[in-house]
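One-letter residues, chain by chain:
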Amino acid sequence: MIASVRGEVLEIALDHTVIEAAGIGYRLNVTPATLATLTRGEETRLYTAMIVREDSMTLFGFADTEARDLFGLLQTVSGVGPRLAMAVLAVLEPEALRKALAESNVAALTRVPGIGKRGAERMVVELRDKVNLVPVQSGPPGAATPVITPVRDQVVEALTGLGFPLKQAEQAIDSVLAEQPAANTSVGLRAALNLLGKNR
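Predicted model, so just to flag it, every value in this text is computed and none were measured.

Cut-offs and rules
- Residues numbered from 1 in each chain as written.
- Predicted model: local features only at pLDDT ≥ 70, side-chain atom pairs only at ≥ 80, totals over all residues.
- Heavy atoms only, no water.
- Helix = DSSP H or I, 4+ residues; strand = E, 2+ residues; numbered from the N terminus.
- Rg over C-alpha atoms; globule rule 2.2 N^0.38 Å.
- Buried < 20%, exposed > 50% of the residue type's maximum accessible area, 1.4 Å probe, protein only.
- Polar contact = N/O pair within 3.5 Å; in protein donor to acceptor, adjacent residues only side chain to side chain.
- Contact = heavy atoms within 4.5 Å.
- Pairing = 2+ DSSP bridges.
- Axes fitted to C-alpha atoms, helices over the stretch in contact; angles between N-to-C directions.
- Phe/Tyr/Trp six-rings, centres within 6.5 Å; stacked < 30°, edge-to-face > 60°.
- Expected span 1.5 Å × (residues − 1).
- Arc of directions from axis to C-beta.
- Core = buried A, V, L, I, M, F, W, Y, C linked by side-chain atoms within 4.5 Å.

Caption draft 1: Representation of the overall build of the chain. Looking only at helices and strands, the chain features nine helices and five strands. The order of α-helices and β-strands along the chain, N terminus first, is β-β-β-α-β-β-α-α-α-α-α-α-α-α. A globule of 200 residues ought to have a C-alpha radius of gyration of about 16 Å, and the chain, at 18 Å, matches this closely. In the chain, which comprises 200 residues, the share counted as buried stands at 38%.

Caption draft 2: Structural detail: unusual backbone geometry. Of note in this structure, Ala22 is not a glycine but carries a positive phi near 55°. For Ser104, which is not a glycine, the phi torsion comes out positive at approximately 55°. Tracing the sequence through the fold places Ser104 in the loop between helix 4 (94–102) and helix 5 (106–109). Residue Ser104 is classed as partly exposed on the basis of its relative accessible area, which comes to 32%.

Caption draft 3: Just the side chain of Thr17, in detail. Among the structural elements, Thr17 can be located in strand 2 (residues 16–21). Among the polar contacts made by the side chain of Thr17, one reaches the main-chain carbonyl oxygen of Glu11 at a distance of 2.7 Å. Contact partners of Thr17, with chain neighbours within four places excluded, come to Val9, Glu11, Ile12, Tyr26, Arg27, Leu28, Val30, Leu35, Leu38 and Leu46.

Caption draft 4: Focus on the sheet that holds strand 1 (residues 4–12). The five strands lie next to each other as 1-2-3-5-4, forming a closed barrel whose pairing is mixed. With strand direction ignored, the average angle separating the axes of adjacent strands in the sheet is 55°. The pairing of strand 2 with strand 3 (residues 24–29) spans six bridges and is classified as antiparallel. Each bridged residue has a counterpart across the sheet, and for Ile19 the counterpart in strand 3 is Tyr26. Against the sheet, helix 3 (residues 82–91) touches strand 3, strand 4 (43–52) and strand 5 (57–62), its axis set at about 15° to strand 5.

Caption draft 5: Seen up close, the packing of aromatic side chains. The final tally for this structure, using the stated rule, is two aromatic pairs. Here the aromatic rings of Phe62 and Phe71 are separated by 5.0 Å at their centres, their planes lie at 45°, and the arrangement is tilted. Relative accessible area serves as the criterion here: at 2%, Phe62 is assigned to the buried category. Members of the aromatic cluster, each reached through a chain of ring pairs, are Phe60, Phe62 and Phe71.

Caption draft 6: Here's a closer look at helix 7 (residues 150–161). With twelve residues, helix 7 should cover 16 Å at 1.5 Å per step; its first-to-last C-alpha distance of 16 Å lies within 8% of that length. Taken together, the buried positions of helix 7 are occupied by Val151, Arg152, Val155, Val156 and Leu159. Seen from one end, helix 7 has its buried residues packed into an arc of 125°, which puts them on one side. Relative to its buried face, helix 7 has exposed residues pointing more than 90 degrees away, namely Pro150, Glu157 and Gly161. Immediately beyond the C-terminal end of helix 7, within one or two residues, lies Gly163, with a positive phi of roughly 105°.

Caption draft 7: Representation of the nonpolar core. Counting residues in hydrophobic clusters, the biggest one holds 32 residues, and the most contacted among them are Phe71, Leu74, Leu97 and Leu109. Looking at this core, the elements that each hand over two or more residues are strand 4, strand 5, helix 2 (65–74), helix 3, helix 4, helix 5 and helix 6 (117–127). When residues of this core are assigned to their parent elements, the largest contribution, six residues, is made by helix 3. When sequence neighbours within four positions are dropped, the list of residues in contact with Leu97 reads Leu70, Leu74, Val88, Leu89, Leu92 and Leu109.

Caption draft 8: Region of interest: the environment of Gln171. Mapped onto the fold, Gln171 is located in helix 8 (residues 166–179). A residue is classified by how much of its surface remains accessible, and Gln171, at 46% relative accessible area, is partly exposed. Separated by 24 residues in the primary sequence, Gln171 and Leu195 place their C-alpha atoms 9.9 Å from one another.

What follows is the structure, encoded as structure tokens:
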């Protein structure tokens, strides 16, 4: 079992990355949010889950152990395989996934391509109690806790609707609100889009 891979980022594609470790290039399937943290030519470490099938061996990469553990937990639900579990984590960051399951938010889960209402309800029933057993990944020391406000929520929703990964959207509006705490939704959205445009 390969639990993590550390090395130079050789390639960044739409749904995967290639990391060279000890002379071997490992292809890891990752979410857009994880891809956004990688830079070609720089060293990184990704935590991994290895899925072995009769005709394939696939590595899935995660920025932290919480996401990896949730990936494994999602697959305990009947009808959820590795691809669908990755799709869930691509749409819902770990914190948002926990919240959706805890609050039985079927609408949030059905935003994931491939999950219908019945599938979302099954996930809620099967995982609502188990999800709290997965340790929460704490942020870096000294990291500020984001202030959840209606403006922040509305801007995050607008940005994810435009196709930005949830984590990037949250980071952008958090940066904006740190500098302009009194910003309204339209000002916040414009500033966040401007920030995301510079980072692309």
